[in-house]
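Here is how the chains run, residue by residue.
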Amino acid sequence: MKISHIEHLGIAVKSIEEALPYYENVLGLKCYNIETVEDQKVRTAFLKVGDVKIELLEPTSPESTIAKFIEKNNGNGGMHHLAFAVEDGVANALAEAETTGIRLIDKAPRKGAEGLNIAFLHPKSTLGVLTELCEKP
(Lines give C-alpha, C1' and ligand atoms only; values in the text may rest on other atoms or scores of the structure.)
Protein backbone atom coordinates (compact mmCIF):
# COMPACT_ATOMS: atom_id res chain seq x y z
CA MET A 1 0.00 0.00 0.00
CA LYS A 2 1.43 3.36 -1.00
CA ILE A 3 0.14 6.11 1.27
CA SER A 4 0.96 9.59 -0.02
CA HIS A 5 -0.46 11.74 2.78
CA ILE A 6 -3.17 12.21 5.39
CA GLU A 7 -6.25 13.03 3.32
CA HIS A 8 -8.42 14.19 6.20
CA LEU A 9 -9.41 13.79 9.83
CA GLY A 10 -13.07 12.90 10.33
CA ILE A 11 -14.77 14.50 13.31
CA ALA A 12 -18.33 13.60 14.31
CA VAL A 13 -20.51 16.55 15.32
CA LYS A 14 -24.15 16.79 16.33
CA SER A 15 -24.58 19.90 14.17
CA ILE A 16 -22.32 21.45 11.55
CA GLU A 17 -23.93 24.84 12.18
CA GLU A 18 -23.08 24.61 15.89
CA ALA A 19 -19.53 23.34 15.23
CA LEU A 20 -18.43 25.76 12.50
CA PRO A 21 -18.11 28.85 14.74
CA TYR A 22 -15.42 27.06 16.77
CA TYR A 23 -13.43 26.05 13.70
CA GLU A 24 -13.90 29.35 11.86
CA ASN A 25 -14.03 31.99 14.61
CA VAL A 26 -11.70 30.44 17.19
CA LEU A 27 -9.26 28.46 15.04
CA GLY A 28 -9.46 30.77 12.02
CA LEU A 29 -10.19 28.01 9.49
CA LYS A 30 -12.57 28.43 6.57
CA CYS A 31 -15.25 25.98 5.53
CA TYR A 32 -14.99 25.54 1.76
CA ASN A 33 -17.54 22.80 1.07
CA ILE A 34 -20.69 21.37 2.62
CA GLU A 35 -22.42 18.38 1.04
CA THR A 36 -24.71 15.50 1.89
CA VAL A 37 -23.71 11.92 1.19
CA GLU A 38 -27.13 10.28 1.04
CA ASP A 39 -26.08 6.61 1.11
CA GLN A 40 -23.96 7.21 4.23
CA LYS A 41 -26.72 9.27 5.92
CA VAL A 42 -24.30 12.06 6.67
CA ARG A 43 -23.76 15.73 5.93
CA THR A 44 -20.15 16.85 5.66
CA ALA A 45 -18.31 20.15 5.96
CA PHE A 46 -14.67 20.51 4.92
CA LEU A 47 -12.01 22.87 6.25
CA LYS A 48 -8.29 22.92 5.43
CA VAL A 49 -5.24 23.13 7.66
CA GLY A 50 -2.24 23.33 5.34
CA ASP A 51 -2.60 20.36 3.02
CA VAL A 52 -4.76 18.34 5.43
CA LYS A 53 -8.54 18.55 5.50
CA ILE A 54 -10.86 18.32 8.47
CA GLU A 55 -14.18 16.67 7.67
CA LEU A 56 -17.02 17.48 10.05
CA LEU A 57 -19.62 14.69 9.94
CA GLU A 58 -23.23 15.37 10.96
CA PRO A 59 -25.74 12.51 10.95
CA THR A 60 -28.83 12.97 8.78
CA SER A 61 -30.62 9.95 10.26
CA PRO A 62 -30.69 8.17 13.63
CA GLU A 63 -29.57 5.02 11.73
CA SER A 64 -26.39 6.75 10.54
CA THR A 65 -23.10 5.30 11.77
CA ILE A 66 -22.22 8.84 12.86
CA ALA A 67 -25.42 9.07 14.95
CA LYS A 68 -24.53 5.74 16.58
CA PHE A 69 -20.97 6.94 17.21
CA ILE A 70 -22.25 10.12 18.90
CA GLU A 71 -24.70 8.09 20.99
CA LYS A 72 -21.94 5.71 22.16
CA ASN A 73 -19.82 8.76 23.03
CA ASN A 74 -22.34 9.99 25.64
CA GLY A 75 -24.09 12.22 23.12
CA ASN A 76 -20.89 14.02 22.19
CA GLY A 77 -19.07 14.12 18.91
CA GLY A 78 -15.35 13.64 18.62
CA MET A 79 -12.56 12.18 16.55
CA HIS A 80 -14.17 9.58 14.30
CA HIS A 81 -11.59 8.44 11.74
CA LEU A 82 -8.23 9.01 10.10
CA ALA A 83 -8.16 9.01 6.29
CA PHE A 84 -5.12 8.31 4.14
CA ALA A 85 -4.70 9.01 0.42
CA VAL A 86 -3.40 5.93 -1.36
CA GLU A 87 -1.47 6.12 -4.62
CA ASP A 88 -1.93 2.53 -5.75
CA GLY A 89 -5.74 2.56 -5.60
CA VAL A 90 -8.19 1.75 -2.84
CA ALA A 91 -9.01 -1.68 -4.30
CA ASN A 92 -5.33 -2.67 -4.27
CA ALA A 93 -4.88 -1.28 -0.76
CA LEU A 94 -7.89 -3.27 0.49
CA ALA A 95 -6.54 -6.48 -1.05
CA GLU A 96 -3.13 -5.89 0.49
CA ALA A 97 -4.59 -5.07 3.92
CA GLU A 98 -6.75 -8.19 3.84
CA THR A 99 -3.76 -10.42 3.06
CA THR A 100 -2.10 -9.15 6.24
CA GLY A 101 -5.15 -10.10 8.32
CA ILE A 102 -6.75 -6.66 8.58
CA ARG A 103 -10.53 -6.81 8.93
CA LEU A 104 -12.30 -4.82 6.21
CA ILE A 105 -15.50 -2.83 6.64
CA ASP A 106 -15.71 -2.33 2.89
CA LYS A 107 -14.78 -5.18 0.54
CA ALA A 108 -14.68 -2.78 -2.43
CA PRO A 109 -14.30 0.98 -2.90
CA ARG A 110 -17.42 3.16 -2.81
CA LYS A 111 -18.13 6.82 -3.46
CA GLY A 112 -17.56 9.24 -0.61
CA ALA A 113 -17.67 12.98 -0.10
CA GLU A 114 -15.89 15.21 -2.59
CA GLY A 115 -16.19 12.44 -5.20
CA LEU A 116 -13.44 10.31 -3.69
CA ASN A 117 -13.35 6.54 -3.87
CA ILE A 118 -13.20 5.35 -0.27
CA ALA A 119 -13.14 2.25 1.92
CA PHE A 120 -12.77 1.64 5.64
CA LEU A 121 -10.61 -0.72 7.70
CA HIS A 122 -12.16 -2.00 10.92
CA PRO A 123 -10.80 -0.42 14.13
CA LYS A 124 -10.70 -3.83 15.84
CA SER A 125 -7.75 -4.70 13.61
CA THR A 126 -6.16 -1.24 13.30
CA LEU A 127 -5.26 -0.61 16.94
CA GLY A 128 -8.59 1.07 17.67
CA VAL A 129 -8.40 3.68 14.89
CA LEU A 130 -11.13 3.63 12.24
CA THR A 131 -9.03 4.01 9.10
CA GLU A 132 -10.30 5.28 5.76
CA LEU A 133 -8.46 4.80 2.48
CA CYS A 134 -9.12 7.38 -0.24
CA GLU A 135 -8.28 8.01 -3.88
CA LYS A 136 -9.32 10.52 -6.49
CA PRO A 137 -11.15 8.67 -9.27
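Residues numbered from 1 in each chain as written. Predicted model: local features only at pLDDT ≥ 70, side-chain atom pairs only at ≥ 80, totals over all residues. Heavy atoms only, no water.

**Comments concerning helix 2 (residues 65-72)**
Looking only at helix 2, the buried set comprises I66, A67 and I70. Buried residues along helix 2 cover an arc of 100 degrees about the axis, so they all sit on one side. For helix 2, the exposed residues lying more than 90 degrees away from the buried face are T65, E71 and K72. Of the surrounding secondary structure, the elements contacted by the buried residues of helix 2 are strand 1 (3-12), strand 3 (42-49), strand 4 (52-59) and strand 5 (78-86). In this structure S64 caps helix 2, since a side-chain oxygen of it lies 3.0 Å from the backbone nitrogen of I66. Looking one or two places after helix 2, you find N74, whose phi comes out positive at around 55 degrees. (Buried < 20%, exposed > 50% of the residue type's maximum accessible area, 1.4 Å probe, protein only. Helix = DSSP H or I, 4+ residues; strand = E, 2+ residues; numbered from the N terminus. Arc of directions from axis to C-beta. Contact = heavy atoms within 4.5 Å. Polar contact = N/O pair within 3.5 Å; in protein donor to acceptor, adjacent residues only side chain to side chain.)

**Here's the deal with the packing of aromatic side chains**
By the definition in use, this model includes two aromatic pairs. Geometrically, the ring pair formed by Y22 and Y23 is edge-to-face, given 5.0 Å between the ring centres and 75 degrees between the ring planes. Accessibility expressed as a relative area gives 43% for Y22, which makes it partly exposed. Each ring, one from Y32 and one from F46, has its centre 6.2 Å from the other, and the planes form 35 degrees; the classification is tilted. Highlighted residues: Y32 in strand 2 (residues 31-37) and F46 in strand 3, separated in sequence by 14 residues. You can call F46 buried: its relative accessible area is 1%. (Phe/Tyr/Trp six-rings, centres within 6.5 Å; stacked < 30°, edge-to-face > 60°.)

By themselves, these observations are geometric and do not establish any function.
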